Structure formats: structure tokens, C-alpha cells
Amino acid sequence: MKQHLHVAFSFLTVLIQGREYSDAAMQKSIYYYPFVGAVIFFLSGIISLFFLTCFNNYLLAALAFLACECILIRGLHHDGLADIADAVGSGKTGKEFRTVLKDSRIGSFGVIALLLYFLFGSVILSQLIEFNDKANDIYLFIPQMIFAGCWSRLGLLTLPLISTCYDPQEQKISLAKILFANFQPKYFVIWYLAIFLVSALYFNAELPILCTTFSVLSTIPLYKSAKKENGYNGDFLGANCLLWELCSFLSLLLYYQH
């Protein structure tokens, strides 16, 4: 377990320096991704509240959260979102689609996708922080973000549940294919039920129901694109992770404003 956590943290964050791992260790590490997400969001939440205390600005606190998260994960999932936006926006299919997907340069669609992500995320988070502050319960933001962290990283396990990783073709190695070669769906179910039950007890069942609804809707376009291209790669997973993140933010806001 310790080794698998080490692999998960070293791959998804800058918190632990990576080293050479066996394929088996990497494959088992994926089941700890939601826990890693909780830690990332806990730390980002602390930074966000620090900025709120120092500057008393909700939008700045929200941007501090998103910036901290991006730094902690080295922009890993943000890169995936931008790549998917460029590939889908290009209108290409097959080999040409994958060529655009693996291009290290960011295109106009990728820039737009990232801008929308940070705009949408910062607006929602600033409203959530403001709501907590006016309710004299600003520290509620931490458990809210722990929930969002678990939920968003559960999104990394969603496409492997319903699709397959495509062959890397001219690439010598596909990291996604190694990680999810022996994916066991039961762990997704276990994590989903655990997050659902804990959040239902701590908050209300309405919250995970909202999250599930929005997240499923956000994954459908990615699933259709992956089906069209005969599978997914790591960029699809990163994009889905950030979509689930935004869905969790929106669900939290709607839940508390209801």
C-alpha cells in the first residue's frame, strides 16, 4: 500500500519525487487517485483561505486555489484538457486526430478551453467561498474541497470503466495503456459508493446526486469522441478529471444556494 501511494503521489503531484516503478505497482496505484485528489484539494484549500485572510477578496482566494492545484499537479490534467480541445476543435479523425492530440504546442481551442476552465472555476469557487463566509462558516470550505478532490480524481477512473485505451501506434510506450492494462471496475464502484455515502452523511444525499448527474453529462461527449477514435489516452483522462472537478464545484454551489 505504501509503495502504491508513493507511485500515485509521484505521478499526479510534485509532492513526492518519482523513481522507477514496476508496471504492477503503477497499475495498482491508480486506485489511490481519489485520495491523492483529496490531499491536493486540502492543501489548495488552505492556501485559498490564507489568501482570503490576507486580502479579503473572494475571487483572489478562488484563483489562489486553482493556481495552487495547477502547480501541485504540474498542470498535468490542464495539458490534457487543452490537447483534447485542440484535437476535437481541429475536426480531424483517426491518425490526424491523434497527431493533433500529441502535438506539444497549444492551439487556439486549447487556450479557449483553459480560459473557460479558470473563468468558470474561479467564479463558482468565489461564490462558494463568499457563501461560506457570510454564513460564518468559512472553514467549511476545507471539507467541501476534500469532497471535490476525491470526486474529480474519481473522474480519472471513469473512461477506463466504459472504454478502452487505444494502441499507441508509432509511440514506443503508452503510459495510459500501462496504468490501466489490468483495470478492475470494482474499485471504481467502491470509491463511488464510499464518496457517495460519506458526502451524503456529512452534507446531504442531494450533493452526490447532483455531482453524478452533471459528471455523467460531461463525460458523454468525451466517451463519444473516444468511441469514435477507438479508445482513449491520458489526455482524455485529464480532461475528464477537470470536467468532474468543475461539476463538483457547481454541485456544491447549487446545493448550498438551494
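Student: Sorry if this is basic, but what is going on with the overall build of the protein chain here?
Tutor: Scanning the protein chain from terminus to terminus reveals 13 helices and zero strands. Start at the N end of the protein chain and walk to the C end: the helices and strands fall as α-α-α-α-α-α-α-α-α-α-α-α-α. Taken over the C-alpha atoms alone, the protein chain extends approximately 55 × 40 × 35 Å along its principal axes. Across the 258 residues of the protein chain, 51% fall into the buried class. Taken as a whole, the protein chain presents about 12,400 Å² of accessible surface, with 65% of it coming from carbon and sulfur. When the 17 positive and 17 negative side-chain charges of the protein chain are each reduced to one mean point, those points stand 8 Å apart.

Student: Sorry if this is basic, but what is going on with the side chain of S48 here?
Tutor: Examined against the element boundaries, S48 turns out to sit in helix α3 (residues 33-55). If near-sequence neighbours (up to four positions away) are discounted, S48 is found in contact with A61, A62, A64, F65, I129 and F141.

Student: Is there a simple way to explain the state of the cysteines in this structure?
Tutor: Two cysteines whose sulfur atoms are joined by a covalent bond form what is called a disulfide. The full count for this structure, using the stated rule, is zero disulfides. Take C70: it sits in no disulfide, and the sulfur closest to it among the cysteines is that of C68, at 10.0 Å. Take C70: its relative accessible area is 21%, and that puts it in the partly exposed class. With no disulfide of its own, C247 lies closest to C211 among cysteine sulfurs, the gap being 7.3 Å.

Student: Mind showing me how you'd approach the packing of aromatic side chains here?
Tutor: Describing an aromatic ring pair means giving the distance of the ring centres and the angle of the ring planes. Inspection of every chain in the model, using the stated rule, returns 23 aromatic pairs. Measuring from ring centre to ring centre gives 4.8 Å for Y255 and Y256, while their planes differ by 80 degrees; the resulting arrangement is edge-to-face. Exposure remark for Y255: the relative accessible area of 16% places this residue in the buried category. Ring pairs connect the aromatic residues F131, F147, W151, F188, Y192, F196, Y202, F203, W244, Y255 and Y256, which therefore count as one cluster.

Student: I keep staring at the nonpolar core and nothing clicks. Help me out?
Tutor: Side chains of a nonpolar character, in soluble globular proteins, are inclined to be buried together. By size, the foremost hydrophobic cluster in this structure holds 80 residues, and its most contacted members are M145, F236 and F249. Per-element tally for this core: the top contributor is helix α13 (residues 234-257), with twelve residues. When residues no more than four places from it in sequence are discounted, the contact partners of F249 are F41, F65, L66, G121, I124, L125, M145 and A148.

Student: I'm lost on the side chain of Q144 in this one. Help?
Tutor: Tracing the backbone through its elements, the reader meets Q144 in helix α8 (residues 141-154). Using a relative accessible area of 0% as the deciding quantity, one classes Q144 as buried. In this structure the side chain of Q144 is engaged in a polar contact, spanning 2.8 Å, whose partner is the side chain of N132. Apart from residues lying up to four places away in sequence, Q144 is in contact with L128, N132, F203, L252 and Y256.

Student: What is the right way to read the packing of helix α7 (residues 108-134) against α8 from this model?
Tutor: Packed helix pairs are specified by the crossing angle of their axes together with the interaxial distance, meaning the distance between the axes. At a closest axis distance of 10 Å, the pairing of α7 and α8 adopts a crossing angle of 145 degrees. Every residue of α8 that contacts α7 at L125, L128, I129 and N132 is listed here: F141, Q144 and M145. The residue makeup of the contact of α7 with α8, split by class, is five nonpolar, two polar and no charged.

Student: Please clarify how the environment of D103 should be interpreted in this entry.
Tutor: The residue D103 is located in the loop between α6 (94-101) and α7 in this model. Separated by 20 residues in the primary sequence, D103 and D83 place their C-alpha atoms 7.7 Å from one another. Within the structure, D103 has its side chain in polar contact with the side chain of R105 (distance 2.9 Å).

Student: Whenever I open this one, the pattern of salt bridges confuses me. Can you help?
Tutor: A pair can form between side chains of opposite charge whenever their charged atoms are brought close. Inspection of the entire model under this criterion finds five salt bridges. For R153, the salt bridge is made with E69, and the minimal N-O distance between the two is 3.2 Å. Of the two residues, R153 is situated in helix α8 and E69 in helix α4 (residues 58-72); the sequence distance between them amounts to 84 residues. Overall, E69 belongs to the buried group, its relative accessible area being 0%. Among the salt bridges present, the one from D235 reaches K102, with a minimum N-O distance of 3.9 Å. Remark: K102 occurs in the loop between α6 and α7 and D235 occurs in helix α13; sequence separation between them is 133 residues. Note on D235: relative accessible area 7%, which makes it buried. A network of salt bridges, in which partner residues are shared, links E69, R153 and E245.

Calculation criteria
Residues numbered from 1 in each chain as written. Predicted model: local features only at pLDDT ≥ 70, side-chain atom pairs only at ≥ 80, totals over all residues. Heavy atoms only, no water. Helix = DSSP H or I, 4+ residues; strand = E, 2+ residues; numbered from the N terminus. Buried < 20%, exposed > 50% of the residue type's maximum accessible area, 1.4 Å probe, protein only. Areas by Shrake-Rupley, 256 points an atom, 1.4 Å probe, with all protein chains shown as cover. Lys, Arg positive; Asp, Glu negative; His and termini not counted. Charge placed at Lys NZ, Arg CZ, Asp CG, Glu CD. Contact = heavy atoms within 4.5 Å. Disulfide = S-S within 2.5 Å. Phe/Tyr/Trp six-rings, centres within 6.5 Å; stacked < 30°, edge-to-face > 60°. Core = buried A, V, L, I, M, F, W, Y, C linked by side-chain atoms within 4.5 Å. Polar contact = N/O pair within 3.5 Å; in protein donor to acceptor, adjacent residues only side chain to side chain. Axes fitted to C-alpha atoms, helices over the stretch in contact; angles between N-to-C directions. Nonpolar A, V, L, I, M, F, W, Y, C, P; charged D, E, K, R; others polar. Salt bridge = Lys/Arg side-chain N within 4 Å of Asp/Glu carboxyl O.

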